[in-house]
Amino acid sequence: MTSPPARRHSPAVYRRRRLAVVVVLLLIVGGAVALAAWQPWRAWGGEDPAGAGPTAAPRDTPRATPTGTASAGVPTPISPAPASPKPSSPSPDPSPSSIAVCSPGEVTVTAQTDKGSYGGGEKPELTIAVVNESDAPCVMNVGTATQSFIIESGSDTWWRSTDCQSDSSDQVVQLDPGKEVATVTPLVWDRTRSSVDTCSKDRQKALPGYYTLTVSIGGVDSEAAQFRLR
């Protein structure tokens, strides 16, 4: 038994099929173009042409920041100006730390008492005075850590301020040329003999007679100043 011959379509049918294929291809291409033009996200870059908001920008792509404008009301950071080069030899700082320390030959130290003669119940008040004899200012440690008062009668040392001194401190001051600096609060001598062993004990009273006061400060000694106890 033989098969019936295949049915052949007319040329018009083939033309319609080819046209349908072309239409489908056009629809596919058009859809792809539409998807490429539509972006469903917005990034943090500039503004889109329609003014609807910021346009998309790849997150892994660095964007240059303008230096004189602002976007969306947010100030744009401006890079700081380059620092000026440091001078090769800076000028000296006119602070006290740059002033020279007083040398012993530039300073005169004087021992002073408030009186030349004291009655039976009076206690001598002792002071140190310092003068810078040079033509330029200098600095000196005049604190209690560098002070010493010594009272003698002839060759007998009666009293030293350092024998029973409980604490001390440093005080660096500037001495201007020709100006005298003196201790603000005088040191009072109680008219007794001192020693490191009798600081908390009753001590021998000084007898009437002539005594001398010698002081030292900052490593500079004074001449002896005489006074009398009656």
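Owing to the predicted nature of the structure, the values given are computational and were not obtained by experimental measurement. (Residues numbered from 1 in each chain as written. Predicted model: local features only at pLDDT ≥ 70, side-chain atom pairs only at ≥ 80, totals over all residues. Heavy atoms only, no water.)

So, about the overall build of the protein chain. Along the protein chain, the regular secondary structure elements total one helix and twelve strands. Each helix (α) and strand (β) of the protein chain, taken in turn from the N terminus, gives the series α-β-β-β-β-β-β-β-β-β-β-β-β. Per-residue burial for the protein chain yields a buried fraction of 23% across its 230 residues. Taken as a whole, the protein chain presents about 16600 Å² of accessible surface, with 57% of it coming from carbon and sulfur. (Helix = DSSP H or I, 4+ residues; strand = E, 2+ residues; numbered from the N terminus. Buried < 20%, exposed > 50% of the residue type's maximum accessible area, 1.4 Å probe, protein only. Areas by Shrake-Rupley, 256 points an atom, 1.4 Å probe, with all protein chains shown as cover.)

With 27 residues, the main nonpolar core has Met-140 and Trp-189 as its most contacted residues. At the level of secondary structure, the elements contributing two or more residues to this core comprise β1 (107–113), β3 (125–132), β4 (138–141), β5 (147–153), β6 (156–160), β7 (172–175), β10 (209–217) and β12 (225–229). At four residues, β10 tops the list of elements feeding residues into this core. Excluding residues that lie within four positions of it along the chain, Trp-189 makes contacts with Lys-123, Pro-124, Leu-126, Ile-151, Trp-159, Ala-206, Tyr-211, Phe-227 and Leu-229. (Core = buried A, V, L, I, M, F, W, Y, C linked by side-chain atoms within 4.5 Å. Contact = heavy atoms within 4.5 Å.)

A separate point is the state of the cysteines. Applying the stated criterion to the full structure yields two disulfides. Each sulfur in the disulfide pair Cys-102 and Cys-138 lies 1.9 Å from the other. Around the S-S axis, the bridge from Cys-102 to Cys-138 shows a dihedral of about 95 degrees and counts as right-handed. Pair noted here: Cys-102 is in the loop between α1 (11–37) and β1 and Cys-138 is in strand β4, with a separation of 36 residues, a long-range link. Neither residue differs from the other here; Cys-102 and Cys-138 are each classed as buried. For the protein chain, the bonded cysteines pair up as 1-2, 3-4 when numbered in the order they occur along the sequence. (Disulfide = S-S within 2.5 Å.)

Right, let's talk about the packing of aromatic side chains for a bit. Scanning the entire structure with this criterion turns up five aromatic pairs. Look at Trp-158 and Tyr-211: their rings are 6.2 Å apart centre to centre, the planes differ by 80 degrees, and that puts the pair in the edge-to-face class. Linking Trp-158 in strand β6 with Tyr-211 in strand β10, this pair joins segments that are 53 residues apart in sequence. Residue Trp-158 shares its accessibility class with Tyr-211, and that shared class is buried. (Phe/Tyr/Trp six-rings, centres within 6.5 Å; stacked < 30°, edge-to-face > 60°.)

Glancing now at the pattern of salt bridges. Pairs can form between side chains of opposite charge once their charged atoms are near each other. Under the counting rule described, the total for this entry stands at three salt bridges. With its nearest N and O atoms 2.5 Å apart, the salt bridge here joins Lys-115 to Glu-122. Arg-203 is the partner of Asp-190 in a salt bridge, and the nearest nitrogen-oxygen pair spans 3.4 Å. Of this pair, Asp-190 sits in the loop between β9 (187–188) and β10 while Arg-203 sits in the loop between β9 and β10, and the two are 13 residues apart along the sequence. Under the relative-accessibility criterion, Asp-190 is labelled partly exposed at 28%. (Salt bridge = Lys/Arg side-chain N within 4 Å of Asp/Glu carboxyl O.)

With that settled, consider the environment of Thr-110. Considering the arrangement of structural elements, one finds Thr-110 in strand β1. Here the alpha-carbon distance between Thr-110 and Ile-217, two residues 107 residues apart in the chain, equals 9.7 Å. Excluding residues within four positions of it along the chain, Thr-110 makes contact with Thr-127, Ile-128, Ala-129, Val-215 and Ser-222.

Moving on, we get to the confidence of the model for the protein chain. Here the protein chain averages 73 in pLDDT, and 58% of its residues register 70 or above. For residues 33–94, every residue scores under 50 in pLDDT, and the model assigns this stretch 35 contacts once sequence neighbours within four places are set aside. (pLDDT = per-residue confidence, 0-100.)

Residue classification places Arg-203 among the partly exposed positions, given a relative accessible area of 22%. Residues Arg-203 and Arg-193, spaced ten residues apart in sequence, show a C-alpha to C-alpha distance of 5.9 Å. Look past the residues within four positions of Arg-203 in its chain and what remains in contact with it is Cys-164, Asp-190, Thr-192, Arg-193, Ser-194 and Thr-198.

With that settled, consider unusual backbone geometry. One non-glycine residue, Arg-191, adopts positive backbone phi at about 65 degrees. Within the fold, Arg-191 resides in the loop between β9 and β10.

Position of Asp-163 relative to the elements: it lies in the loop between β6 and β7. No salt bridge is formed by the buried Asp-163; its nearest oppositely charged neighbour, Arg-160, is found at 4.4 Å. At 2.8 Å, the side chain of Asp-163 forms a polar contact with the side chain of Ser-194. In this view, Asp-163 contacts Ser-194, Ser-195, Val-196 and Cys-199; residues no more than four positions away in its chain are not counted. (Lys, Arg positive; Asp, Glu negative; His and termini not counted. Polar contact = N/O pair within 3.5 Å; in protein donor to acceptor, adjacent residues only side chain to side chain.)

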